[in-house]
Amino acid sequence: MKKSEIRRLVAEYKEIKIKLKKSYNKKYVEKLGEIQHRYYHETGRPLESDFKVV
C-alpha cells in the first residue's frame, strides 16, 4: 500500500469520527472498524497510535 493510500485511510477515518460525533450511526461504527483493521493489516500499528503526541 502506498503512503498516499494510507493518508487517504487516515483522512477518511477522521471524517467518519466527526460524523459519528454528530449522530450515532451503526454504519459509521462498522466503517471505522473496517478502516482500523485495514490500517493495522498494512502497517502493523494501530491507527490511534499515529494520533498520539509524544
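Refer to the structure presented above.
Structural notes, computed from the coordinates. (Residues numbered from 1 in each chain as written. Predicted model: local features only at pLDDT ≥ 70, side-chain atom pairs only at ≥ 80, totals over all residues. Heavy atoms only, no water.)

### Let's talk about the overall build of the chain
- Across its full length, the chain carries two helices and zero strands.
- Each principal axis of the C-alpha atoms in the chain carries an extent, and together these give about 30 × 25 × 15 Å.
- Counting over 54 residues, the chain shows a buried share of 20%.
- Taking all contacts inside the chain whose residues are at least 6 apart in sequence as the whole, residues at least 24 apart take part in 38%.
- Total accessible area computed for the chain in this model is approximately 4600 Å², and 53% of it derives from carbon and sulfur atoms.
- The chain carries 15 positive and 8 negative side-chain charges, and their two centres are separated by 4 Å. (Helix = DSSP H or I, 4+ residues; strand = E, 2+ residues; numbered from the N terminus. Buried < 20%, exposed > 50% of the residue type's maximum accessible area, 1.4 Å probe, protein only. Contact = heavy atoms within 4.5 Å. Areas by Shrake-Rupley, 256 points an atom, 1.4 Å probe, with all protein chains shown as cover. Lys, Arg positive; Asp, Glu negative; His and termini not counted. Charge placed at Lys NZ, Arg CZ, Asp CG, Glu CD.)

### Details of helix H2 (residues 26-43)
- Helix length check: H2 (18 residues) gives 26 Å between terminal C-alpha atoms against 26 Å at 1.5 Å per residue, within 8%.
- Along H2, the positions that sit buried rather than exposed are Tyr28, Leu32, Ile35 and Tyr39. Relative to the axis of H2, the buried residues are bounded by an arc of 65° and lie together on one face. Within H2, the exposed residues directed more than 90 degrees away from the buried face are Lys26, Lys27, Glu34, His37 and His41.
- Capping the start of H2 is the job of one residue whose side-chain oxygen sits 3.1 Å from the backbone nitrogen of Lys27: Asn25.
- Among the residues trailing H2, Gly44 stands out with phi positive, at a value near 85°. (Expected span 1.5 Å × (residues − 1). Arc of directions from axis to C-beta. Polar contact = N/O pair within 3.5 Å; in protein donor to acceptor, adjacent residues only side chain to side chain.)

### So, the nonpolar core
- Ile6, Leu9, Val10, Tyr13, Ile16, Leu20, Tyr28, Leu32, Ile35, Tyr39 and Leu47 form the largest nonpolar core, which has 11 residues in total.
- Only helix H1 (3-22) and H2 provide two or more residues apiece to this core.
- The residues contacting Val10, other than those within four sequence positions of it, are Tyr39, Leu47 and Phe51. (Core = buried A, V, L, I, M, F, W, Y, C linked by side-chain atoms within 4.5 Å.)

### Focus on the pattern of salt bridges
- In the structure shown here, the tally under the stated rule is three salt bridges.
- Residues Glu12 and Lys31 are paired through a salt bridge, measuring 3.5 Å at the closest nitrogen-oxygen approach. Here Glu12, found in helix H1, pairs with Lys31, found in helix H2; they are 19 residues apart in sequence, far enough to count as distant.
- Here Lys19 makes a salt bridge to Glu15, at a shortest N to O gap of 3.4 Å. Of this pair, Lys19 and Glu15 both sit in helix H1, separated by four residues, roughly a single helical turn. (Salt bridge = Lys/Arg side-chain N within 4 Å of Asp/Glu carboxyl O.)

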